[in-house]
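Observations on chain architecture
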Amino acid sequence: MVREKRIKIKSIGIYLPEKILTNYDLEKMVDTSDEWITTRTGIKERRIAAGEQVTSDLGVEAAKMALEKAGLKPEDIDLILVATNSPDTIFPSTACWIQRKLGTREMAAFDLQAGCTGMLYGLIVSEGLILSGICRRVLLIGVDVLSKITNWEDRTTCVLFGDGAGAFVLEESQDESGFLSHCWGADGSLGELLMLPAGGTLHPASEQTVKDKLHYIQMKGNEVFKNAVKRMGEAALEAVKKAGLEKDQVDFLIPHQANLRIIEAIAERFNLDRNRVVVNIDKYGNMSVATIPVALYELQQEGKLQPGKIVVMVAFGAGFTWAASVYRC
Ligand code: UT7
């Protein structure tokens, strides 16, 4: 059933680090090839944060751009919500570091961790807070600097990721635009397939955890791949159904950018032409929570988010977690 009250994206901001790391650069670092990376993943290059740049630095730039585009000042928002898997520190939250860097008035700020699905989880949480009247506006930031938690000697993971940030200013919609539906889920029983084992209470940091390289992302790529195709395909279809729409009414599909073959498998399930499926993995790799806001921003820049257009966003990540949202521009 379609809800009467909806939230909308008032503005989008993004930030991408300047440094570009190409597949050819990676050929000099590990036993890989441009050919393998391109055919298996669709990635050609990715952005990498500078040595001194931390997650909140990227997030704050995306946030400033979103606020500027909305014509708002930091004091006009009520909550800074940050979706990330690579926080500046375990605590305080990256949201609090961003609040400090933005120099806002006192307001609520916290992080949300849901693997690469974080931005969509963040949208759903924001919607609850806005429509219940707890917040008037939420600044939702999706940011990851996976380059700093990647094992650069492990060719099975280091070729996949990139750094980036995206931010949405969210508020209640006063017109026909806004989110029509969402669906979300998680299956913690498969958590070990994609994890960063150490640094928490399971394996507190020690000489041994460093020696064993447990402070880096570990992934069973094949298993993650199969689950991603299944869960993202199902979630996207369910969200469309919940919105009271048919598949062929979808104008654009924005899948989380983890692998071009995953994206193509979902597009096929949706029966969508290639030009209606947003793909930018070639330029940025897998930026985790930042893939969806950056893709949406690029679609907007191309002038494609015309009023009434239907956009489906769908993601999958560590947890496992998954979610899909249907947006009417
Ligand atoms: O964002 C969260 C969700 N993440 C994902 O959805 C990622 C999902 N997984 C994937 O995208 C893919 O599984 C990968 C791209 C990670 C791997 O592709 P694959 O087709 O599943 O390859 P594989 O892991 O089955 O490995 C095939 C071969 C292996 O060699 P052998 O054992 O067949 O001799 C690997 O050692 O490819 C080898 N290989 C590489 N070769 C060159 C793995 N990584 C590389 C590499 N360069 N970078």
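Residues numbered from 1 in each chain as written. Predicted model: local features only at pLDDT ≥ 70, side-chain atom pairs only at ≥ 80, totals over all residues. Heavy atoms only, no water.

1. A few points about the overall build of the protein chain
- Looking only at helices and strands, one finds 11 helices and 13 strands in the protein chain.
- In terms of C-alpha radius of gyration, the protein chain reaches 19 Å, essentially the compact-globule figure of 20 Å for 329 residues.
- Over its C-alpha atoms, taken along the principal directions, the protein chain stretches across nearly 55 × 45 × 35 Å.
- Among the 329 residues that make up the protein chain, the fraction classed as buried is 56%.
- The long-range fraction of contacts in the protein chain, counting pairs at least 24 apart against all pairs at least 6 apart in sequence, stands at 75%.
- For the protein chain, the accessible area works out to roughly 14,500 Å², and carbon and sulfur atoms hold 50% of it.
- Each charge class in the protein chain can be summarised by its mean position, and for the 38 positive and 43 negative side chains these summaries are 2 Å apart. (Helix = DSSP H or I, 4+ residues; strand = E, 2+ residues; numbered from the N terminus. Rg over C-alpha atoms; globule rule 2.2 N^0.38 Å. Buried < 20%, exposed > 50% of the residue type's maximum accessible area, 1.4 Å probe, protein only. Contact = heavy atoms within 4.5 Å. Areas by Shrake-Rupley, 256 points an atom, 1.4 Å probe, with all protein chains shown as cover. Lys, Arg positive; Asp, Glu negative; His and termini not counted. Charge placed at Lys NZ, Arg CZ, Asp CG, Glu CD.)

2. Brief notes about the pattern of salt bridges
- All told, the structure shown has 14 salt bridges when counted by the stated rule.
- Glu-61 is paired through a salt bridge with Lys-64; the nearest N and O atoms lie 3.9 Å apart. Placement of both Glu-61 and Lys-64 in helix H3 (residues 55-70) is noted, with a separation of three residues, approximately one turn of the helix.
- Judged by its relative accessible area of 34%, Glu-61 is partly exposed.
- For Lys-64, a relative accessible area of 40% gives the class partly exposed.
- Note that Glu-234 is salt-bridged to Lys-230, the shortest N-O span being 3.0 Å. In this pair, Glu-234 and Lys-230 are both assigned in helix H8 (residues 221-242), four residues apart and thus about one turn of the helix distant. (Salt bridge = Lys/Arg side-chain N within 4 Å of Asp/Glu carboxyl O.)

3. Looking at the packing of aromatic side chains
- Taken as a whole and judged by the stated rule, the model has three aromatic pairs.
- Each ring, one from Phe-179 and one from Tyr-327, has its centre 4.5 Å from the other, and the planes form 50 degrees; the classification is tilted. Here Phe-179 is found in strand S8 (residues 178-186), whereas its partner Tyr-327 is found in strand S13 (residues 321-328), with 148 residues between them in sequence. Across the pair, Tyr-327 and Phe-179 agree in class, each one buried.
- Ring centres of Phe-316 and Phe-320 lie 4.8 Å apart, and the angle between their planes is 50 degrees; this geometry places the pair in the tilted category.
- In this structure Phe-320 comes out as buried when scored by relative accessible area, which is 1%. (Phe/Tyr/Trp six-rings, centres within 6.5 Å; stacked < 30°, edge-to-face > 60°.)

4. Overview of the domain arrangement of the protein chain
- According to the domain assignment, the protein chain consists of domain 1 (7-175) and domain 2 (179-328).
- Relative placement of domain 1 and domain 2: their C-alpha centres are 14 Å apart.
- Taken residue by residue, the interface counts 51 residues in domain 1 and 45 residues in domain 2.
- Put simply, domain 1 and domain 2 have one salt bridge between them.
- As a salt-bridge pair, Lys-213 and Glu-153 come within 3.7 Å of each other at their nearest N and O atoms.
- On the surface where domain 1 and domain 2 come into contact, there are 18 residue pairs in polar contact (both at pLDDT 80 or more).
- Secondary structure elements with two or more residues in the side of domain 1 that touches domain 2: strand S1 (7-15), helix H2 (34-41), strand S3 (45-48), H3, helix H5 (118-131), strand S6 (137-144) and strand S7 (164-172).
- With eight residues, the single largest contributor to the side of domain 1 that touches domain 2 is H5. (Domains from an automatic or database assignment. Polar contact = N/O pair within 3.5 Å; in protein donor to acceptor, adjacent residues only side chain to side chain.)

5. Describing the sheet that holds strand S12 (residues 310-317)
- In spatial order, the strands read S8-S13-S12-S11; together these four strands make up an open sheet with mixed pairing. The two strands at the open ends of the sheet, each matched to only one other strand, are S8 and strand S11 (252-255). Between one strand axis and the next, the sheet turns by 10 degrees as a mean value, whatever way the strands run.
- Alignment of S11 against S12, held across four bridges, turns out to be parallel. Among the inter-strand pairings, Pro-255 is bridged to a residue of S12, identified as Val-314.
- Packed on one face of the sheet, H5 meets S8, S12 and S13 and runs near 120 degrees to S8. (Pairing = 2+ DSSP bridges. Axes fitted to C-alpha atoms, helices over the stretch in contact; angles between N-to-C directions.)

6. Observations concerning the side chain of Asn-280
- On the secondary structure map, Asn-280 appears in the loop between helix H9 (260-270) and helix H10 (281-284).
- Sequence-distant contacts of Asn-280, defined by excluding residues within four places in its chain, comprise Gln-257, Val-294, Ala-295 and Glu-298.

7. Thoughts on the packing of H8 against H9
- One way to put it is that H8 packs onto H9 with a least axis distance of 9 Å and a crossing angle of 35 degrees. When the axes of H8 and H9 are compared, the crossing they make is right-handed. Facing H8, whose interface residues are Phe-225, Ala-228, Val-229, Lys-230, Met-232, Gly-233, Glu-234, Ala-236, Leu-237 and Val-240, H9 presents Arg-261, Ile-262, Ala-265, Ile-266, Arg-269 and Phe-270.
- Broken down by class, the residue content of the contact of H8 with H9 amounts to 11 nonpolar, one polar and four charged. (Left-handed = near helix turned anticlockwise from the far one by under 90°. Nonpolar A, V, L, I, M, F, W, Y, C, P; charged D, E, K, R; others polar.)

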